[in-house]
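Spelled out from the first residue to the last, the chains are:
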Amino acid sequence: MITVRNLSKSFGARTLWEDLDLTVEAGRMLALVGASGSGKTTLLNCLGLLERPSGGRILFEGTDVTRLGPRGRRRFRRDELGYLFQDYALIEDATVRANLAVARRRGSPDDESVLGRVGLAGRAQEKVHRLSGGERQRVALARLLVKQPSLVLADEPTGALDSGNGAMVVDVLRELSREGRAVVIATHNARVRDACDSAFDVSARRTPATS
Ligand SMILES: Nc1ncnc2c1ncn2[C@@H]1O[C@H](COP(=O)(O)OP(=O)(O)OP(=O)(O)O)[C@@H](O)[C@H]1O
Ligand SMILES: [Mg+2]
């Protein structure tokens, strides 16, 4: 599904990582681990075409997506990509239903079935800002279930949750992978890492500083 070849990222003189190679197949879950500041979020942002790598290629089903123009990047994000964040990134002032509507496209499952899958049956009319953190992350997961992206990028999706809600998030991401999506999760949580098929340590790809 997605293959990264020789990827590097520098900010000024500082290299976060270089010669980074990894592949995530459809149906697999990869954990991105590494010290704070090692560049996990930056790598997710490169995979999601929100940031440009300094060098290397990102092949999505054989196409180098780093070479796409603005329209191609927008289309990739719209059609292929689902994002999940620690802070949920929902429209706080809108209802659950309205938050799901932004992800809806032809063939999406209906709201009640996805809300049932994340334990929020019957809650479509509630305003997001009235929900608890765990419930908000369930809405974000329901939005992924509506969108059915082929690549799911999750940035510390359990970081603000208790262990029960964290396990629920991992379970739904696993379901998405079983349905054939590729899932990449940046995490500091050992349980989340162990629930993935493999782990990739981003800090191990840093070049030692030279003086
Ligand atoms: N636009 C930018 N300009 C300069 N430096 C940046 C920029 N974006 C990120 N960085 C730096 O890159 C480094 C990696 O940041 P990143 O957020 O990817 O780390 P992370 O591994 O996700 O950390 P954490 O585990 O704390 O979330 C940080 O030192 C950060 O300050
Ligand atoms: Mg981060």
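Right above here is the structure, for reference.
Thresholds applied
- Residues numbered from 1 in each chain as written.
- Chains lettered and ligands numbered in written order.
- Predicted model: local features only at pLDDT ≥ 70, side-chain atom pairs only at ≥ 80, totals over all residues.
- Helix = DSSP H or I, 4+ residues; strand = E, 2+ residues; numbered from the N terminus.
- Rg over C-alpha atoms; globule rule 2.2 N^0.38 Å.
- Buried ≥ 20, exposed ≤ 12 C-beta atoms within 10 Å, placed from the backbone.
- Contact = placed C-beta atoms within 7 Å.
- Near = placed C-beta within 6 Å.
- Nonpolar A, V, L, I, M, F, W, Y, C, P; charged D, E, K, R; others polar.
- Core = buried A, V, L, I, M, F, W, Y, C linked by C-beta atoms within 7 Å.
- Pairing = 2+ DSSP bridges.
- Axes fitted to C-alpha atoms, helices over the stretch in contact; angles between N-to-C directions.

Q: Which residues make up the overall build of the protein, and what are the values?
A: Helix and strand counts for the protein come out as seven helices and nine strands. Relative to a compact globule of 211 residues, whose C-alpha radius of gyration would be 17 Å, the protein shows 17 Å and is just as compact. Overall size of the protein, expressed as C-alpha extent along the three principal axes, is 60 × 35 × 30 Å. Looking at the 211 residues of the protein, the share that counts as buried comes to 39%. Across the protein, contacts joining residues at least 24 apart in sequence account for 73% of those joining residues at least 6 apart.

Q: Which residues make up the site of ligand 1, and what are the values?
A: The environment of ligand 1 is formed by Phe11, Leu16, Gly34, Ser36, Gly37, Ser38, Gly39, Lys40, Thr41 and Thr42. In terms of residue count, the dominant contributor to the shell around ligand 1 is helix H1 (residues 40–47) (three residues). A per-class count over the shell around ligand 1 returns two nonpolar, seven polar and one charged.

Q: Before we move on, could you go through the nonpolar core and cite the residues and values that matter?
A: Note that soluble globular proteins tend to have their nonpolar side chains buried in a common cluster. Among the nonpolar cores identified, the biggest contains 54 residues, and Leu32, Ala142, Val152, Leu173, Val183, Val184 and Ile185 are the most heavily contacted of them. Each residue touching valine 152, except ones within four places of it in the same chain, is listed here: Gly82, Leu84, Leu144, Leu173, Leu176, Arg181 and Val183.

Q: Could you give an account of the environment of arginine 78, with specific residues and numbers?
A: In this fold, arginine 78 is placed in helix H2 (residues 70–80). Separated by 108 residues in sequence, arginine 78 and alanine 186 place their C-alpha atoms 21 Å apart.

Q: Pulling in residues and values, what's your account of the sheet that holds strand E7 (residues 151–155)?
A: The strand order across the open sheet formed by five strands is E6-E7-E8-E3-E9, and the pairing between neighbours is parallel. Lying at the two open borders of the sheet, with one neighbouring strand each, are strand E6 (81–85) and strand E9 (198–201). Pairs of neighbouring strands in the sheet enclose a mean axial angle of 20°, with direction left out of account. Here strand E3 (residues 29–33) pairs with strand E8 (residues 182–186) via four bridges, running parallel. Bridge pairing in E8 places leucine 32 opposite alanine 186. Contacts from helix H6 (residues 163–178) reach E3, E7 and E8 within the one sheet, and its direction differs from that of E8 by about 150°.

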